[in-house]
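Take a look at the letters that make up each chain.
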Amino acid sequence: MQRITILGATGSIGVSTLDVLARHPERYSVYALSAHSRVDELAAQCAQFRPARAVVGDADSARKLSALLRAQNIPTEVEYGEAALCAIASAAEVDAVMAAIVGAAGLAPTLAAARAGKKVLLANKEALVMSGQLFIDAVHDNGAVLLPIDSEHNAVFQCLPHTYGRAPGASGVAKVMLTASGGPFRTRAVDTLDAVTPDQACKHPTWAMGRKISVDSATMMNKGLEVIEAHWLFGVPADLIEVVIHPQSVIHSMVSYIDGSVLAQLGNPDMRTPIAHALAYPERIASGVAQLDLTQVGTLQFERPDFERFPCLALAYTALRAGGTAPALLNAANEVAVQAFLDARIGFRDIDRVIAHVMDSIPHGAAASIAAVMAQDALARASATSYVNGMMR
Ligand code: NAD
Ligand code: MG
């Protein structure tokens, strides 16, 4: 029996994870669940999965959750705050941690899981983008196992040899090709993008996801973060990571080898496939996802990305090549800009302007420690926030 902690249980990935776990009660039990503020949903999950512990964002939410659980005689222990998140990620009772909090808030507990030598199922790409080598070192030094949940990286992982050791040349890897749907604005006239609303940006053509990653998909910053994520996961330099627009989202990514072979992983666009893959790895379990019918799909298309339409993708490559804390600056500025867009405080095309401003005005440094990364993260947030405020006046 594998005991699982889910960080971000009420989100899109968290709910899909619980769906897969519920199909295999003989293999998995839930040790702990976390949610930020959606207490009612978390209470319902506790009623169904009976975790030993549940963690929420603040004391108020903890009181509400405790009352809901008491009323149903559910003995789950309720805690709150970052230290509690780190505790459920690193507890001795836990075998695997699904890291599915959105954004920088997930870094500390995800890192705690790695430092405790857990099997880390990584959806929270922002944590790896920020901490890079520090995170990879924590995994290596503590005997943790890092398995990608992001569909592209899970696909690449499946297309690499089992013996792959983060050295592309040694395995004959020529390049990694990350596919991208192109989001909802792939063909929309660029000069009309300033007028798009948060709801339009969140209406993804092929995937149903949380609002932050949906906006990231619309700007293609999501793919930019994924380029950086691929660099750290697979030890592949920026020049060997290519983005290919593939609107059907059926090929989830590819690995190209020096002999001319290209291996791809295909499937219906449903995150339960990579979640089930990582949970059971190296075995296979049912996920609830329908088998792919290629005759129904009919056509697969591929295009080069348009860096003028999607400046965020170019900004991410620049940050990866700059190295050090540049990806942490990029990520923090993006989080502030996306939230401002979702709150209707800035326009869609302002998102890349905010990020470019922050990247230009704050010199990046060495990512020598998590404290150094967090200091740069804070500087970038302050700079992005004041720039957003200036745009609004
Ligand atoms: P979501 O918004 O649906 O859920 C986010 C979860 O994080 C919720 O459970 C929420 O309670 C929790 N959370 C939010 N802010 C928090 C905070 N400050 N502290 C603690 N917890 C907090 O997001 P999602 O779509 O499930 O995405 C989660 C992560 O997975 C993101 O990093 C995203 O990039 C990645 N991811 C998602 C998908 C997808 O299909 N949804 C695919 C690939 C990668
Ligand atoms: Mg992805």
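Residues numbered from 1 in each chain as written. Chains lettered and ligands numbered in written order. Predicted model: local features only at pLDDT ≥ 70, side-chain atom pairs only at ≥ 80, totals over all residues. Heavy atoms only, no water.

Novice: Which parts of the structure should I look at to understand the coordination of the magnesium ion (ligand 2)?
Specialist: Taken together, the protein ligands of the magnesium ion (ligand 2) are Asp150 (OD), Glu152 (OE) and Glu226 (OE), with distances of 2.1 to 2.2 Å. Written as a sequence motif, the donor arrangement for the magnesium ion (ligand 2) is D-x1-E-x73-E. Taken together, the residues Asp150 in the loop between strand 7 (145–148) and helix 7 (151–159) and Glu226 in helix 10 (residues 221–234) connect sequence positions 76 residues apart. For the pair Asp150 and Glu226, one class covers both residues: buried. (Donors = N, O, S within 2.8 Å, 3.2 Å for Na, K, Ca; no water. Helix = DSSP H or I, 4+ residues; strand = E, 2+ residues; numbered from the N terminus. Buried < 20%, exposed > 50% of the residue type's maximum accessible area, 1.4 Å probe, protein only.)

Novice: I'm lost on the sheet that holds strand 8 (residues 173–180) in this one. Help?
Specialist: Backbone hydrogen bonds hold the strands of a sheet together, and the pairing may be parallel or antiparallel. Read from one edge of the open sheet, four strands run 9-8-10-11, paired in mixed fashion. The two strands at the open ends of the sheet, each matched to only one other strand, are strand 9 (241–245) and strand 11 (262–266). Looking at each pair of strands side by side, their axes are set apart by 20° on average, direction ignored. Two elements, strand 10 (residues 251–257) and strand 11, share five bridges in a ladder whose sense is antiparallel. Residue Ser253 lies in a different strand from strand 11, and its bridge partner there is Gln265. Against the sheet, helix 10 engages strand 8 and strand 9, with an angle of about 150° to strand 8. (Pairing = 2+ DSSP bridges. Axes fitted to C-alpha atoms, helices over the stretch in contact; angles between N-to-C directions. Contact = heavy atoms within 4.5 Å.)

Novice: Sorry if this is basic, but what is going on with the nonpolar core here?
Specialist: Grouped burial of nonpolar side chains is what soluble globular proteins tend to show. Formed by 125 residues in total, the largest nonpolar core has its most connected members in Met98, Ile149, Phe234, Leu330, Phe348, Ile351 and Ile355. Broken down by element, this core gets its largest block of residues, 11 residues, from helix 14 (residues 326–342). Ignoring sequence-local partners within four residues, the contact set of Ile355 consists of Met221, Cys312, Leu315, Leu330, Ala333 and Asn334. With six residues, the next largest nonpolar core counts Ala104, Leu107, Met130 and Ala328 among its residues. (Core = buried A, V, L, I, M, F, W, Y, C linked by side-chain atoms within 4.5 Å.)

Novice: I tried to follow helix 15 (residues 350–361) on my own but got confused; where do I start?
Specialist: Residues separated by three or four positions in an α-helix point in the same direction, a consequence of the helix having 3.6 residues per turn. In this model, helix 15 (12 residues) spans 16 Å end to end at C-alpha, consistent with the 16 Å of a helix rising 1.5 Å per residue. Taken residue by residue, helix 15 has Asp350, Ile351, Asp352, Val354, Ile355, Val358 and Met359 as its buried positions. The elements touched by buried residues of helix 15 are helix 9 (211–219), helix 10, helix 13 (311–322), helix 14 and helix 16 (370–392). (Expected span 1.5 Å × (residues − 1).)

Novice: Would you mind going over the pairing of strand 1 (residues 2–7) with me for this structure?
Specialist: Where a strand is regular, its side chains alternate between the two sheet faces. With five bridges joining them, strand 1 and strand 2 (residues 28–34) adopt parallel strand pairing. Bridge pairing in strand 2 places Arg3 opposite Ser29. Handedness of the β-α-β unit built from strand 1, helix 1 (residues 12–22) and strand 2 comes out right-handed. Bridge analysis of strand 1 against strand 5 (residues 96–99) gives four bridges, and the strand direction is parallel. Bridged to Ile4 within strand 5 is Ala96. (Right-handed = clockwise from strand over helix to strand, strands pointing away.)

Novice: Could you clarify how one ought to interpret the side chain of Arg53 in this entry?
Specialist: Its place among the elements puts Arg53 in strand 3 (residues 53–56). Using a relative accessible area of 14% as the deciding quantity, one classes Arg53 as buried. One polar contact links Arg53 to Tyr31, side chain to side chain, over a distance of 2.9 Å. Apart from the residues within four sequence positions on either side, Arg53 is in contact with Tyr31, Ala32, Leu33, Thr76, Glu77, Glu79, Ala87, Ile88 and Ala91. (Polar contact = N/O pair within 3.5 Å; in protein donor to acceptor, adjacent residues only side chain to side chain.)

Novice: So what exactly am I meant to see when it comes to helix 16 here?
Specialist: The end-to-end C-alpha separation of helix 16 is 33 Å, in line with the 33 Å expected for 23 residues at 1.5 Å each. Of the positions making up helix 16, those classed as buried are Val373, Gln376, Asp377, Ala380, Ser383, Ala384 and Val388. Buried-residue contacts for helix 16 involve helix 6 (125–141), helix 14 and helix 15.

Novice: Even after reading the chapter, I still don't get the site of ligand 1, so can you show me in this structure?
Specialist: Of all residues adjacent to ligand 1, which total 21 residues, the nearest are Thr10, Ser12, His36, Glu126 and Gly210. Contact distances for ligand 1 include 2.9 Å between an oxygen atom and a backbone N or O atom of Ser12. Between Gly210 and ligand 1, the recorded distance is 2.9 Å, taken from a backbone N or O atom to an oxygen atom. Within the complex, 86% of the 820 Å² of free accessible area of ligand 1 lies under protein. Every element with two or more residues in the shell around ligand 1 is listed here: helix 1 and helix 6. A breakdown of the residues in the shell around ligand 1 according to their chemical character gives 11 nonpolar, seven polar and three charged. (Near = heavy atom within 4 Å. Areas by Shrake-Rupley, 256 points an atom, 1.4 Å probe, with all protein chains shown as cover. Nonpolar A, V, L, I, M, F, W, Y, C, P; charged D, E, K, R; others polar.)

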